Amino acid sequence: MARIGEKEETGVVFEDYLPIMAENLGEEGLIHEMCNGFRLVADAETGVITFHSLKKNAAVLGMESMNDEELQAMIEEGDLDGDGAVDVNEFCVLMIRLSPSFMAEAEKWLEKAAMDMIHTFDFDTSVLRALLQGWKKGLA
């Protein structure tokens, strides 16, 4: 699977729009838009992104040319707890993690945004705190 900014054999290029969105929307607006993006793809019954919901909604995302293996790889990339699906926490972490230019500039902003997400959307704080700690170690 191609990472953001990389080109695969399919000719698909993933552009990194997250920093522009963050600058234009601010923290709350970015979180709101990420949650809206999540809801576009999530299964309405389970409230998580599954392989089937991603495949069903791939055209909405401009990914209709991706094959099943590539779609499954996307789920696996975001599935941090190993349950075979991507929940809203995992989705937001994945969007931030896959943004190279955003990651290069945003350690302090990310910490504040993550804490705001925790308070705004009633996230499991222990999971997100552990993810942030792992992210910080990876930067060192």
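Our subject is the structure listed above.
Every value quoted in this text rests on a predicted model; they were computed, and no experiment measured them. Every residue gets a number counted from 1 within its own chain, in the order that chain's sequence is written. Where totals are concerned, whole chains, interfaces and linings use all residues; where local detail is concerned, this predicted model gives features only for residues with pLDDT of at least 70, and gives and counts side-chain atom pairs only at 80 or more. Just so you know, side-chain values use all the structure's heavy atoms and leave hydrogens and water out.

### Overview of the overall build of the protein
Okay, step 1: Secondary structure elements follow DSSP: runs of H or I of four or more residues count as helices, runs of E of two or more count as strands, with numbering from the N terminus. Secondary structure summary: the protein contains seven helices and zero strands in total.
Okay, step 2: Helices and strands appear in the protein in the N-to-C order α-α-α-α-α-α-α.
Okay, step 3: In what follows, a contact means two residues having at least one pair of non-hydrogen atoms within 4.5 Å. A separation threshold of at least 6 residues defines the contact pool for the protein, and within that pool the share at least 24 residues apart is 48%.
Okay, step 4: Here the Shrake-Rupley method, with its probe set to 1.4 Å, supplies the accessible areas, and only the displayed protein chains count as covering residues. As displayed, the protein has an accessible area near 8400 Å², and 53% of this comes from carbon and sulfur atoms.

### Observations concerning helix α3 (residues 68-78)
Okay, step 1: Only protein chains enter the accessibility calculation, which uses a 1.4 Å probe; a residue is then buried when its area is under 20% of its type maximum, exposed when over 50%, and partly exposed in between. For α3, the complete set of buried residues consists of E70, L71, I75, E77 and G78. All buried residues of α3 lie within an arc of 160° about the axis, which places them on one face of the element. In α3, the exposed positions angled more than 90 degrees off the buried face are occupied by E69 and E76.
Okay, step 2: On its buried face, α3 is in contact with α2 (51-57) and α4 (88-97). Along the arc lie the directions from the helix axis toward the C-beta atoms.

### Structural notes on the environment of L80
Okay, step 1: If you trace the backbone, L80 turns up in the loop between α3 and α4.
Okay, step 2: Sequence-wise, L80 and E90 are 10 residues apart; in three dimensions their C-alpha atoms are separated by 6.5 Å.

### Side note on the state of the cysteines
Okay, step 1: Here, two cysteine sulfur atoms that lie within 2.5 Å of each other are counted as a disulfide. This structure, assessed with the given rule, holds zero disulfides.
Okay, step 2: Among the cysteines around C35, which has no disulfide bond, C92 carries the closest sulfur, lying 4.5 Å off.
Okay, step 3: Take C92: its relative accessible area is 0%, and that puts it in the buried class.

### Some remarks on the nonpolar core
Okay, step 1: The set of buried Ala, Val, Leu, Ile, Met, Phe, Trp, Tyr and Cys residues whose side-chain atoms join them within 4.5 Å is what this entry labels a nonpolar core. Counting residues in hydrophobic clusters, the biggest one holds 13 residues, and the most contacted among them are I49, L54, M63 and L71.
Okay, step 2: Elements that contribute at least two residues to this core include exactly α1 (18-41), α2 and α3.
Okay, step 3: Membership of the second largest hydrophobic core comes to six residues, among which are L18, L30, M34 and C92.

### What to know about the packing of α1 against α4
Okay, step 1: Lines fitted to C-alpha atoms define the axes, with helix axes restricted to the stretch in contact, and inter-axis angles between N-to-C directions lie between 0 and 180 degrees. Between α1 and α4, the shortest axis-to-axis distance is 9 Å and the interhelical angle comes to 150°. By the criterion of interaxial angle, the relationship of α1 to α4 is roughly antiparallel. Crossing of α1 against α4: the hand is right-handed. The residues of α4 that touch α1, namely those facing L18, M34, C35, G37 and F38, are V88, F91, C92, M95 and I96.
Okay, step 2: Gly counts as polar in this scheme, as do all residues outside two lists: the nonpolar Ala, Val, Leu, Ile, Met, Phe, Trp, Tyr, Cys and Pro, and the charged Asp, Glu, Lys and Arg. Class assignment of the residues belonging to the contact of α1 with α4 gives a composition of nine nonpolar, one polar and no charged. Note on angle classes: values under 35 degrees are labelled roughly parallel, values over 145 roughly antiparallel, values of 65 to 115 roughly perpendicular, and the remainder oblique. Each crossing gets its hand from how the near helix is turned against the far one by less than a right angle, where anticlockwise is left-handed and clockwise is right-handed.

### Side note on the pattern of salt bridges
Oppositely charged side chains are able to pair whenever their charged atoms sit close together.
Okay, step 1: Salt bridges are defined as contacts in which a side-chain nitrogen from Lys or Arg sits within 4 Å of a carboxyl oxygen from Asp or Glu. Applying the stated criterion across every chain, the model contains one salt bridge.
Okay, step 2: The shortest N-O distance in the salt bridge between D68 and K55 comes to 2.8 Å. Of this pair, D68 sits in helix α3 while K55 sits in helix α2, placing them 13 residues apart in sequence.
Okay, step 3: Exposure remark for D68: the relative accessible area of 37% places this residue in the partly exposed category.
Okay, step 4: Classification of K55 by relative accessible area gives partly exposed; the value is 41%.

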